[in-house]
Amino acid sequence: MIPGLHHVTAIAGDPQRNYDFYARFLGLRLVKRTVNFDDPGTYHFYFGDSIGTPGTILTFFPWPGARRGRHGTGQTTATSFAVPPGSLGFWEERARHHGFDTGREVRFEDELISLTDPDGLRLELVESAGRSDTPWDRAVPARHAIRGVHSVTLSEEGFERTAALLTGTLGFRRAAEAGNRFRFETGNPAGIVDVLCAPSGHRGLQGAGTVHHIAFRTPDEANQLAWRSKLAEAGMNVTPVLDRNYFHSIYFREPGGVLFEIATDPPGFAIDEPVEMLGSSLQLPQWFEPARRDIEAALPPLDTQEAFA
């Protein structure tokens, strides 16, 4: 069975604006500042808890001037974070103070608020007990700080084939439904996937403010290879194992078109800088080091001073 989500990766526009929202407003830690391994002229930011625990990570490819995407079917259309019970009032006031609108609702007995980031990415903060992840408390008090990813929402034209993959192959169980929303769970933190069936909706278009892919956890490379074989047997077109430096990855598209990844927990984000300095400087994989001077010259400046004061 898949333990739960490893990370969510989205597309942003301006890198400084992206950093300011997620580190200074939401209070996440920038646990890694590196580059897009397929486009080293672009940053890749990883935000998470204080040590970069799998299941707490939201990452971004920030492309300055990127065109806005369109939310729709075939996409992950909401990323939800867990916050401690009783924290929503704090977050509503904080959002008002910073000029962000929020909406409050109850979903499957969970109380949550919704908001969008400056690029239009849809986010939710869900009151959820029992998360033991170590929060980052530089910008937000620990008693209110985000504890990690709670869930994601997939918008789909259909339902049955995606549901069959989640339950029959990945090991989720169908836990609840309300209208056209169906909830699947693993029973672990960051182990919830909601499927929103929207047959009359338009197809999503990738761009700034949209999710690029979601990644599920696996404990090691042996388990990852077993998953690759199982997915191939189930008819998925799975990539070879790719080295992402901080984890190894395989990718495939689920039947509705959302890009899925299965990523290993190790080696983690402390392989190239100590935990106390995570995110404080640009880290490059070994194969990019010879081009460091050119890569650094091509990247826009980034002010992270407040996060390390």
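Described in the following lines is the structure provided in the data block. Worth saying up front: this structure is predicted, and the values here are computed from it rather than measured.

Points about helix H2 (residues 88–98)
No. 1: Of all the residues in H2, the buried ones are Leu88, Trp91, Glu92, Arg94 and Ala95. Along the axis of H2, the buried residues cluster in a sector spanning 165°; they form a single face. Residues Arg96 and His97 are exposed on H2 and point more than 90 degrees away from its buried face.
No. 2: Considering only its buried residues, H2 is in contact with helix H1 (15–25), strand S5 (75–83), strand S6 (103–107), strand S7 (110–116) and strand S8 (122–127).
No. 3: A positive backbone phi angle near 85° is found at Gly99, which sits one or two residues after H2.

Some thoughts on the pairing of strand S1 (residues 5–12)
No. 1: Counting buried residues along S1, 8 of its 8 residues qualify, which places the element largely inside the surrounding structure.
No. 2: With 5 bridges joining them, S1 and strand S13 (residues 211–218) adopt antiparallel strand pairing. Of the residues in S13, the one forming a bridge with Val8 is Ile214.
No. 3: Judged from the 6 bridges that link them, S1 and strand S4 (residues 57–62) form a sheet pairing that is parallel. Opposite His7, over in S4, you have Ile57 as the bridge partner.

What about the side chain of Arg94?
No. 1: In this fold, Arg94 is placed in helix H2.
No. 2: Other than its neighbours up to four places away in sequence, Arg94 contacts Arg24, Phe25, Ala139 and Val140.

Section: the layout of surface pockets
No. 1: Counted as a void, the largest pocket has a volume near 250 Å³.
No. 2: Taken together, 17 residues form the lining of the largest pocket, with Asp38, Phe61, His213, Arg244 and Tyr251 sitting closest to its centre.
No. 3: Here the lining of the largest pocket is built from residues that sort into 8 nonpolar, 6 polar and 3 charged.

Definitions and limits used
Residues numbered from 1 in each chain as written. Predicted model: local features only at pLDDT ≥ 70, side-chain atom pairs only at ≥ 80, totals over all residues. Heavy atoms only, no water. Buried < 20%, exposed > 50% of the residue type's maximum accessible area, 1.4 Å probe, protein only. Helix = DSSP H or I, 4+ residues; strand = E, 2+ residues; numbered from the N terminus. Arc of directions from axis to C-beta. Contact = heavy atoms within 4.5 Å. Pairing = 2+ DSSP bridges. 1 Å grid on protein atoms, 1.4 Å probe; cavity = no way out; pocket = protein on both sides within 12 Å on 5 of 7 lines; lining within 4 Å. Points joined across faces, edges and corners; volume = space filled by probe spheres on them. Nonpolar A, V, L, I, M, F, W, Y, C, P; charged D, E, K, R; others polar.

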